[in-house]
Amino acid sequence: MASNMNQSAEAALVIDDVVKRFGRGQEIVTAVDHVSFSVKQGEFVSVIGPSGCGKSTLFNIIGGLLGDYEGAVKIGDERISAPHPAVGMVFQEESTFPWRTVIDNVAFPLELQGVAKSERIDRAHHFIDMVGLASFEKAFPSQLSGGMKQRVSIARTLVSQPKILLMDEPFAALDEQTRLLLGDKITQIQQQLNQTTLLITHNLTEAVQLSDRIVVMTYRPGRVKRIVNIDLPRPRTSDVVGSDAFGHYVAEIWNDLREEASRGMADSESAASRRAAHG
Amino acid sequence: MAAAGKISVASRDVLALRLLVALVIFGAWEAMSRSGLFYGEVVPSLLKIGASLMKLLVDPIFYRNLQVTTVETILALAIGAGAGITTGIALGANRFLMRAFEPYVYYLSPTPRIILFPVMIMWFGVGPASKIALGALSAFFAIALSTAAGMRQIDPVLIRVGRSFRANIWQMAMKIYLPAMRVPILNGIRLGMGTAIITVLLGETKLSNQGLGYLIMQVYTRFDMPGLYALLIMIFVIAGAVNALIGHFARD
């Protein structure tokens, strides 16, 4: 118990017995069921689970977009119930502002804070450079590829210098090669900034490639099934996916995930056959 | 390069066809005019219309009335757009309000506003105020509907981005909602301007003592057909130019 106390003392983010139910009466669905874990300062943690494990709900709760829940998500002593300046969100969907250039997109959070224009440009420039888009500052999102747009979104979130970077499957829409290379970029940035990061994903190799720890969730209701420490060496690159240790972790976590994923598949198949029967 | 060449050839053909259509119309008009089949000056010769147009362009009366109509239209559009955008945002943002007010907006919007003209005359008098009120009313519906539709088409993730960066209501409106709705709002304003011009001119032709609509009726009463056509040409040109200007800003 003493070690637990220590852990929460240095934790940047504590998720403490969080429950979220949707609907009312007979129709209540428990999306997140007594979930607890914490993210330490500078740590990279992934939450992995099949669709329907409540991970997007958890993302919205931690980001403060879903204020009505039971339990507590805490930063220091503060319970999150609205968007918190310490948390920077990156969304799964393409979320750049199409009417702004890359540099104006990235400078957006600074604009909201009333930072002076020259400083805004300087700081935005720094993070655009970091995600490798220095030569595209004047471009509009419509001129960029999907992977580049997600990098703009990441730079836009980093520019507000959040204590915790919270990402919801930011690479879900990208092809595997692009995803691996962007993973490299993320690892590099995370190590450079010592950025505390919480990644929500359903992609097993992505989770193992990037994380220090992985929280495996169960299919509906979403509970923590297991927390796995990933003891792969740092600094890390995407080369790590070829190593034996990597394969070992993937196999181990898949072992846990398979049961949950097949429950999810069975559920959606029976729902589909009910619909077909009615139709 | 080849593709660009093809496009420019095609657009040259389009331009050629347009010019041909104009020439055919002018030719037919002139032929009708000279045939003597029509009574008096109903179809005046192009030369006479041209001369009237020249006279019109240096006539201070034309400019005075043009100014009246322009000011009426601008004020009507400003009032209609202000109320329309506000209403559109309220309806688009609030499902409850939308459901409550939708039937009023949808069923009232196609009703010809000119039937309210007598009411406006009683409320606002025969001067410009009644035309402004009627014009504003007609612009309002087009702009409100277009804004409400634009509001519902905003990508919801952009709103979540704004919330996650803790934008306040004002910042959400100015930096997310309005820029995201620029095109539908400008399209609404373009439609609203069209109906505002129509309604203002129509009002002026019915009951007024100034404005281009009034001038049209004056010229018509004198049976000055070349002058009437010259006036109509000027109105086409002005309305077309303003429409093109707004269309330019509405392009994405």
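Cut-offs used in this document
- Residues numbered from 1 in each chain as written.
- Chains lettered and ligands numbered in written order.
- Predicted model: local features only at pLDDT ≥ 70, side-chain atom pairs only at ≥ 80, totals over all residues.
- Heavy atoms only, no water.
- Phe/Tyr/Trp six-rings, centres within 6.5 Å; stacked < 30°, edge-to-face > 60°.
- Buried < 20%, exposed > 50% of the residue type's maximum accessible area, 1.4 Å probe, protein only.
- Lys NZ or Arg CZ within 6 Å of the ring centre and 35° of its normal.
- Pairing = 2+ DSSP bridges.
- Helix = DSSP H or I, 4+ residues; strand = E, 2+ residues; numbered from the N terminus.
- Axes fitted to C-alpha atoms, helices over the stretch in contact; angles between N-to-C directions.
- Contact = heavy atoms within 4.5 Å.
- Buried area = accessible area lost by both parts, 1.4 Å probe.
- Salt bridge = Lys/Arg side-chain N within 4 Å of Asp/Glu carboxyl O.
- pLDDT = per-residue confidence, 0-100.
- Patch = residues over 30% accessible without salt bridge, like charges linked within 9 Å, V, L, I, M, F, W, Y side chains within 5 Å.
- Areas by Shrake-Rupley, 256 points an atom, 1.4 Å probe, with all protein chains shown as cover.
- Arc of directions from axis to C-beta.
- Core = buried A, V, L, I, M, F, W, Y, C linked by side-chain atoms within 4.5 Å.
- Parallel < 35°, antiparallel > 145°, perpendicular 65-115°, else oblique.
- Nonpolar A, V, L, I, M, F, W, Y, C, P; charged D, E, K, R; others polar.
- Left-handed = near helix turned anticlockwise from the far one by under 90°.

A. Region of interest: the packing of aromatic side chains. Enumeration over the complete set of coordinates arrives at nine aromatic pairs over all chains. Between the aromatic rings of B:Phe140 and B:Phe141, the centroid separation amounts to 5.2 Å while the plane-to-plane angle is 80°, which identifies the pairing as edge-to-face. No difference in accessibility class separates B:Phe140 from B:Phe141, as the two residues are buried. Taken together, the aromatic side chains of A:Phe97, A:Trp99, A:Phe108 and B:Phe165 make up a single cluster linked through ring pairs. Above the face of the A:Tyr69 ring, A:Arg79 is positioned so that its terminal group lies 4.3 Å from the ring centre. Lying over the aromatic face of A:Phe97, A:Arg156 brings its terminal NZ or CZ to 5.0 Å of the ring centre.

B. Summary view of the sheet that holds strand 10 (residues 224-229) of chain A. Residues and elements named next belong to chain A. Spatially, the six strands line up as an open sheet ordered 6-7-8-3-9-10, and their pairing is mixed. Looking along the sheet, the strands with just one partner apiece sit at the ends: strand 6 (87-90) and strand 10. On average, adjacent strands in this sheet sit at an angle of 15° to one another, irrespective of strand direction. Relative to strand 9 (residues 213-217), strand 3 (residues 44-48) is paired through four bridges, and the arrangement is parallel. The partner of Val47 across the bridge, within strand 9, is Val215.

C. Fine view of the interface of chain B and chain A. Every contact between the two is made by 15 residues of chain B and, on the other side, 24 residues of chain A. Interface area, chain B with chain A, both sides summed: about 1700 Å², of which 68% is carbon and sulfur. The largest contributions to the chain B side of the interface with chain A come from B:Arg160, B:Phe165 and B:Lys175, which together make up 37% of the buried area. Scanning the region where chain B abuts chain A turns up two salt bridges.

D. Quick look at the pattern of salt bridges. All names here are of chain A. The tally for this structure, following the rule as stated, stands at 19 salt bridges over all chains. The partner of Glu260 in a salt bridge is Arg263, and the shortest N-O contact between them spans 2.9 Å. One end of the pair, Glu260, and the other, Arg263, are both in helix 9 (residues 244-278), three residues apart, so they sit about a helical turn from each other. On the basis of relative accessible area, Glu260 is assigned to the buried category, the value being 3%. Here Arg263 falls in the partly exposed class, since its relative accessible area comes to 37%.

E. Main features of the confidence of the model for chain B. Residue and element names in this part refer to chain B. Taken residue by residue, chain B gives an average pLDDT of 88. The fraction at 70 or more is 95%. Put simply, helix 1 (residues 2-35) is where chain B has its lowest mean pLDDT, 81, and helix 7 (residues 156-164) is where it has its highest, 95. Confidence metrics for the complex model read pTM 0.78 and ipTM 0.89.

F. Region of interest: the sheet that holds strand 1 (residues 11-22) of chain A. Residue and element names in this part refer to chain A. One open sheet holds the four strands; their spatial order is 2-1-4-5, and the pairing between them is antiparallel. Unpaired on one side and paired on the other, strand 2 (29-40) and strand 5 (78-79) mark the two borders of the sheet. The pairing of strand 4 (residues 70-75) with strand 5 spans two bridges and is classified as antiparallel. Paired with Ile75 across the two strands is Glu78, which belongs to strand 5. Here helix 2 (residues 55-62) sits on the sheet in contact with strand 1, strand 2 and strand 4, set at roughly 120° to strand 1.

G. Spotlight on a nonpolar patch on the surface. A surface patch of nonpolar side chains, amounting to about 640 Å² of accessible area, comprises B:Leu17, B:Leu20, B:Val21, B:Val24, B:Ile25, B:Phe26 and B:Leu46. Here B:Leu46 lies in helix 2 (residues 46-57).

H. Focus on helix 8 (residues 169-180) of chain B. Of all the residues in helix 8 of chain B, the buried ones are B:Gln171, B:Met172 and B:Ile176. With its buried residues spanning 100° around the axis, helix 8 of chain B presents them on a single face. Exposed residues on helix 8 of chain B whose side chains face more than 90 degrees from its buried face are B:Ile169 and B:Trp170. Packing partners of the buried residues in helix 8 of chain B comprise helix 4 (108-113) of chain A together with helix 7 of chain B.

I. Summary view of helix 7 of chain B. Counting buried positions over the nine residues of helix 7 of chain B gives seven, a clear majority of the element. Every buried residue belonging to helix 7 of chain B is among B:Val157, B:Leu158, B:Ile159, B:Arg160, B:Val161, B:Gly162 and B:Ser164, and all of these are buried. Buried residues along helix 7 of chain B sit against helix 2, strand 6 and helix 6 (146-158) of chain A together with helix 8 of chain B. Looking one or two residues past helix 7 of chain B, B:Arg166 carries a phi angle of roughly 60°, positive in sign.

J. Region of interest: the nonpolar core. A:Leu13, A:Phe37, A:Val73 and A:Leu198 are the most contacted members of the largest nonpolar core, which totals 72 residues. With eight residues, helix 11 (residues 225-250) of chain B is the largest single contributor of residues to this core. Apart from the residues lying within four places of it in its own chain, the contact partners of A:Val73 are A:Leu13, A:Val14, A:Ile15, A:Val18, A:Ile61, A:Ile62, A:Glu78, A:Arg79 and A:Ile80.

K. Structural detail: the packing of helix 3 (residues 60-93) of chain B against helix 4 (residues 95-108) of chain B. Residue and element names in this part refer to chain B. Contact geometry for helix 3 and helix 4: axes closest at 6 Å, N-to-C directions at 125°. Classified by the angle between their axes, helix 3 and helix 4 sit oblique to one another. Only Arg95, Leu97, Met98, Phe101 and Val105 of helix 4 make contact with helix 3, whose side of the interface consists of Ala90, Leu91 and Ala93. Tallied by class, residues from the contact of helix 3 with helix 4 come to seven nonpolar, no polar and one charged.

L. Molecular detail of the packing of helix 10 (residues 212-221) of chain B against helix 11 of chain B. All names here are of chain B. Orientation of helix 10 relative to helix 11, taken along the N-to-C sense of each, is 160°, at an axis distance of 9 Å. If you check the angle between helix 10 and helix 11, you find them roughly antiparallel. For the pair helix 10 and helix 11, the crossing hand works out as left-handed. Taken together, the residues of helix 11 that come into contact with helix 10 (itself represented by Leu212, Leu215, Ile216, Val219 and Tyr220) are Gly227, Leu228, Leu231, Leu232 and Ile235. Classifying every residue of the contact of helix 10 with helix 11 by side-chain character gives nine nonpolar, one polar and no charged.

M. Seen up close, the environment of A:Gly222. The residue A:Gly222 is located in the loop between strand 9 and strand 10 in this model. The spacing of A:Gly222 and A:Phe136 is 86 residues in sequence and 41 Å in space, taken between C-alpha atoms.

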